[in-house]
Amino acid sequence: MKLLKIKKSFPVAVAALLFVAFTGCTSVASLADKKDTVGSIKKLAKMLIKDSSNQEAADVFNELYNREMSNKMYIVQTSSSEVLDSFASSQGASSVEAALKSIASAIPDRTSSKNQTTVIDDSSVKETINRLRELKNTYRDLTEIQSAVKPMPETIGSVQTYYVEKYTNNFNNGWTTAADALGDFYVKCGDAMMPAKTPYEISNIIGVYQKAEHEYLTQSKISSVRNTIYNLYMNKGDAFITLVKQEIPEIPKKDSAINIRNFANSVIEEARQATDAYTQALSYKSFDSKAKEAQKEAYYYSGLAYLTGAQNLPSKGFAETGTWPVYAEGQFGYGNTLDYKDARDKQKDARALAVKYGRGDGVGYYCCQLDYDLPTKHVTITYNRDGKEQTVNGEDFYSMDKLDQSSYGGMGADAFILWGNDFDYRVNGKSQLWSTGLVGEVVTYTYKKDADGTIRAYNSYGKEIYTFTTADNGETYVYKSDIKMDYTFKKY
């Protein structure tokens, strides 16, 4: 082992440090940082490159450099493979893999959502990780120290001079080897816990592989473990979305409003976990079409969980009744989710529910009156907010005989919602999305509001299909249909 050749005794070097500390030479003394000796050596090296005769700097550098090189060279006498062999031997196993498998099998109830214990929580594994990390960090320090020392002059100091011994060891290669050994060990820790049975267990294992990703220095190894992490995130998302699909139909079946809310909340959380998992997968493969489609599906079911919960809660008594439709609207509209299944229609259902409870960014109008002419008389039917008939030409609808009720019933319940630049015309609570006859194609509505308050609704081909006029600054609107019926709409 090479050491710095010193031309003065160690006590003299200590005396130099004390001299520096007590004579006001703080510019040099401040560099002797016990917490960052490597940084101190690098700073002193720069100082001595500029002025190799600086005696105070030479004295401090000599003491620090000698001590640190001696300590660190001692540490790297042990190789990563020796550390790993020692670990396997301490476990009575024939290999590192066998030792880790044994530790993993001893972890109780690994599939529980509350159990976050992994192989790396074992004390012997922790000790091995610490020893491998010490090797990695020591080789890194040696690399940085020798990089700083390389351009220094061969001798430093003026009154007392020192010969600067420069090491030719390939510390950088040692750094990479030690880093990869640590990364490999983390990967083996993750492998020992595979296969995972629940999404919660997958979450725990992902964290182990991510530690490997952080430790590696070799790009091919980084790429390999990133691919593993991507696949695990996809598996996690798939596991959660499977649960969500199974549980959404069970939400309305709960025996009380509180149980509906609580169960829906758990389904919503699982859906959130799925969307998060696919989002994380995309962070590892940003253009992956499989992950993008899975994310779209997850946002759809997340919205459906919110909407189903809201639709089955009572109108009063729960804050979620109003907030969940707004959340559902956002989930259905995330990214390209509107293209998935009936997300566009479900989003409009969520908007209608949000508007009903005075939430969100929309404004809703319901048909409060319908006017049309029969051969012998003019008919005026009034409706409440729920689309129920109230009167026919002033007569209470429910006091009429069954024949008249049949004649005038079921003609109302129209409504429309304005939400951003979207116009949603609804009949009996359902959004009117017209098919164009092309498979899978749906005409959607947009609208614009004229200066006088008139609303003009257009289909996706730019054709004007509805015109609503107002005489009271938007409180009510009148739509004169092409079948000679006049619909009067009032703001919710």
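Preceding this section is the structure that the text describes.
Heads up: these notes are all about the structure in this document.

### Digging into the environment of Q405
Along the chain, the position of Q405 falls in helix 15 (residues 402-408). For the pair Q405 and G207, spaced 198 residues apart in sequence, the C-alpha separation works out to 66 Å. One polar contact links the side chain of Q405 to the main-chain carbonyl oxygen of F397, over a distance of 3.3 Å.

### Things to note about the environment of Y487
The residue Y487 is located in strand 16 (residues 486-491) in this model. Note on Y487: relative accessible area 8%, which makes it buried. Each C-alpha atom of the pair Y487 and I381 lies 9.9 Å from the other, and the pair is 106 residues apart in sequence.

### Let's talk about the pattern of salt bridges
Within the structure shown, the criterion is met by 26 salt bridges. For E68, the salt bridge identified is with K72, shortest N-O distance 3.7 Å. Linking E68 with K72, this pair stays in helix 4 (residues 55-75), spanning 4 residues, or about one helical turn. Of the two residues, E68 and K72, both sit in the buried class. The closest approach of N and O atoms between D486 and K480, which form a salt bridge, is 3.2 Å. Note on D486: relative accessible area 24%, which makes it partly exposed. Connected through shared salt-bridge partners, E63, R67, E68, K72, R140 and D141 make up one network.

Reading the values: the criteria
- Residues numbered from 1 in each chain as written.
- Predicted model: local features only at pLDDT ≥ 70, side-chain atom pairs only at ≥ 80, totals over all residues.
- Heavy atoms only, no water.
- Helix = DSSP H or I, 4+ residues; strand = E, 2+ residues; numbered from the N terminus.
- Polar contact = N/O pair within 3.5 Å; in protein donor to acceptor, adjacent residues only side chain to side chain.
- Buried < 20%, exposed > 50% of the residue type's maximum accessible area, 1.4 Å probe, protein only.
- Salt bridge = Lys/Arg side-chain N within 4 Å of Asp/Glu carboxyl O.

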